[in-house]
Amino acid sequence: MAKRPALLEFEDVVLVRGGHRVLDGLTFRIGLGENVAILGPNGSGKSSLLKLLTRELYPVANERPYRMRILGRESWDLFSLRAHLGIVSNDLQADFARECSGWEAVASGFFSSVGLWANHKVTRGMERKAWRVLERLEVAPLADRLMTAMSAGEARRMLIGRALIHDPDALVLDEPTTSLDLRAAREFRATIRKLVRGGTSLVLVTHALEEVIPEVTRVILLREGRVFKDGPKKSVLTEANLSALYRMPVRLDVEGGLFHVR
């Protein structure tokens with residue numbers, strides 16, 4: 001049996017923005033089916049990493065050859081890539097702050113568009129799939145509500161649905177509970193945990209330790225565009241490692257498999 005390629009494979013990746021190396025020899029490998037959190041403070045390179053995945057930015061050649069592969073391939077067209085990586089970012093949520101219903105937002109995933117347009121032909125099969133996704137996320141009652149009339153948590157669930165429309169190899173979430181209140185953040189984490197337990201693979205990119213759900217088994221710590229620590233969650237998420245990462249004393253509590261800073 002042929003060996004399955006890695007979901008993401010980065011080796012010596014360098015990215016320069018504004019004359020500054022925001023990624024400086026970034027190297028890691030994430031296998032298919034892994035549930036991984038990429039954690040780091042502001043300025044560690046998380047946003048730049050996401051922009052590489054969405055093809056908004058590209059690495060630069062450096063003194064050593066670099067490798068950046070997604071599912072074993074270095075070259076992708078964006079439309080095909082979105083069927084494999086379901087990326088939900090805060091930038092995407094800002095794009096959907098418009099007169100677009102929840103159902104349209106989910107169905108637009110078939111076309112990699114922001115909402116549905118006159119030239120988009122939604123088939124019966126697409127309709128059925130969109131409704132199944134809405135029901136899976138327990139947001140079908142909000143299908144006709146405009147995205148601009150939803151809470152931040154409701155709108156984010158719709159974008160999760162948009163990302164899941166192709167049954168991607170992994171769901172990639174960027175700071176998923178940003179702007180959510182305590183109750184909405186807890187409900188959103190419960191939704192993500194349910195998806196992961198149902199077989200959806202997760203790559204979580206965040207600065208917030210509280211977003212690292214129990215189902216995440218591996219954590220990659222980023223600092224200054226490089227991997228600072230990488231390994232099993234329990235061995236990486238320690239007070240010593242986090243204090244060094246954030247350059248401040250960190251004390252941890254663990255309750256119900258969730259980590260909290262105290």
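The sections below set out a description of the structure shown in this document.

Reading the values: rules and limits
- Residues numbered from 1 in each chain as written.
- Predicted model: local features only at pLDDT ≥ 70, side-chain atom pairs only at ≥ 80, totals over all residues.
- Heavy atoms only, no water.
- Helix = DSSP H or I, 4+ residues; strand = E, 2+ residues; numbered from the N terminus.
- Buried < 20%, exposed > 50% of the residue type's maximum accessible area, 1.4 Å probe, protein only.
- Salt bridge = Lys/Arg side-chain N within 4 Å of Asp/Glu carboxyl O.
- Pairing = 2+ DSSP bridges.
- Axes fitted to C-alpha atoms, helices over the stretch in contact; angles between N-to-C directions.
- Contact = heavy atoms within 4.5 Å.
- Expected span 1.5 Å × (residues − 1).
- Arc of directions from axis to C-beta.
- Phe/Tyr/Trp six-rings, centres within 6.5 Å; stacked < 30°, edge-to-face > 60°.
- Lys NZ or Arg CZ within 6 Å of the ring centre and 35° of its normal.

## Quick notes on the environment of S101
Logical step 1: The residue S101 is located in the loop between α3 (90-95) and α4 (102-107) in this model.
Logical step 2: In this structure S101 comes out as buried when scored by relative accessible area, which is 11%.
Logical step 3: With 42 residues separating them in the primary sequence, S101 and A143 have C-alpha atoms 6.5 Å apart.

## So, the pattern of salt bridges
When their charged atoms lie close together, side chains carrying opposite charge are able to pair.
Logical step 1: Under the criterion given, the structure shown has 17 salt bridges.
Logical step 2: Between E34 and R218 there is a salt bridge whose closest N-O contact spans 3.0 Å. One end of the pair, E34, is in the loop between β2 (20-30) and β3 (36-39); the other, R218, is in strand β8 (residues 218-223), with 184 residues separating them in the sequence.
Logical step 3: Residue classification places E34 among the partly exposed positions, given a relative accessible area of 24%.
Logical step 4: The exposure class assigned to R218 is buried, which follows from its relative accessible area of 12%.
Logical step 5: Salt-bridge contacts for E154 lead to R145; the nearest nitrogen and oxygen are separated by 3.4 Å.
Logical step 6: Judged by relative accessible area, E154 falls into the partly exposed class, the value being 23%.
Logical step 7: With a relative accessible area of 35%, R145 lands in the partly exposed category.

## A look at the sheet that holds β2
Logical step 1: Overall, antiparallel pairing links the three strands, which are arranged β2-β1-β4 in an open sheet. With one partner strand each, in any of the chains shown, β2 and β4 (67-70) form the two edges of the open sheet. In this sheet, neighbouring strand axes are inclined to one another by 30° on average, regardless of whether the strands run parallel or antiparallel.
Logical step 2: Direction of pairing for strand β1 (residues 8-17) relative to β2: antiparallel, over a ladder of eight bridges. Residue pairing for β2: V14 is matched across the bridge by D24.
Logical step 3: Against the sheet, helix α1 (residues 46-53) contacts β1, β2 and β4, and its axis sits at roughly 110° relative to β1.

## Some remarks on the side chain of N241
Logical step 1: Following the sequence through the fold, N241 ends up in helix α9 (residues 239-246).
Logical step 2: Overall, N241 belongs to the buried group, its relative accessible area being 14%.
Logical step 3: N241 has contacts with L221, F228, K229, S235 and V236, leaving out every residue within four places of it along the chain.

## Quick word on the sheet that holds β8
Logical step 1: The strand order across the open sheet built from six strands is β5-β6-β7-β3-β8-β9, with neighbouring strands paired in mixed fashion. The two strands at the open ends of the sheet, each matched to only one other strand, are β5 (85-88) and β9 (226-232). Direction aside, neighbouring strands of the sheet carry axes that sit 15° apart on average.
Logical step 2: Relative to β9, β8 runs antiparallel, the two being bridged by six bridges. When the sheet's bridge partners are listed, R223 is paired in β9 with R226.

## Some points on helix α5 (residues 124-136)
Logical step 1: Taking 1.5 Å as the rise per residue, α5 with 13 residues should run 18 Å; its terminal C-alpha atoms sit 18 Å apart, in good agreement.
Logical step 2: Along α5, the positions that sit buried rather than exposed are M126, K129, A130, V133 and L134. Looking straight down α5, one finds its buried side chains confined to an arc of 140°; they lie on one side. Turned more than 90 degrees off the buried face of α5, the exposed positions are R124, R128 and E135.
Logical step 3: Just downstream of α5, E138 is the residue with a positive phi angle, here 60°.

## Considerations on the packing of aromatic side chains
Between two aromatic rings, the relevant description is the distance of the centres plus the angle of the planes.
Logical step 1: Counting across every chain of the model gives two aromatic pairs.
Logical step 2: With a centroid separation of 6.5 Å and 40° between ring planes, the pair formed by W103 and W131 is classed as tilted. Taken together, the residues span a long stretch of sequence, with W103 in helix α4 and W131 in helix α5 at a distance of 28 residues.
Logical step 3: For W103, a relative accessible area of 15% puts it in the buried group.
Logical step 4: You can call W131 partly exposed: its relative accessible area is 35%.
Logical step 5: We note R73 situated over the ring of W76; from NZ or CZ to the ring centre the distance is 3.9 Å.
Logical step 6: Seen from the ring of F228, K229 lies directly overhead, with NZ or CZ sitting 5.7 Å from the centre.

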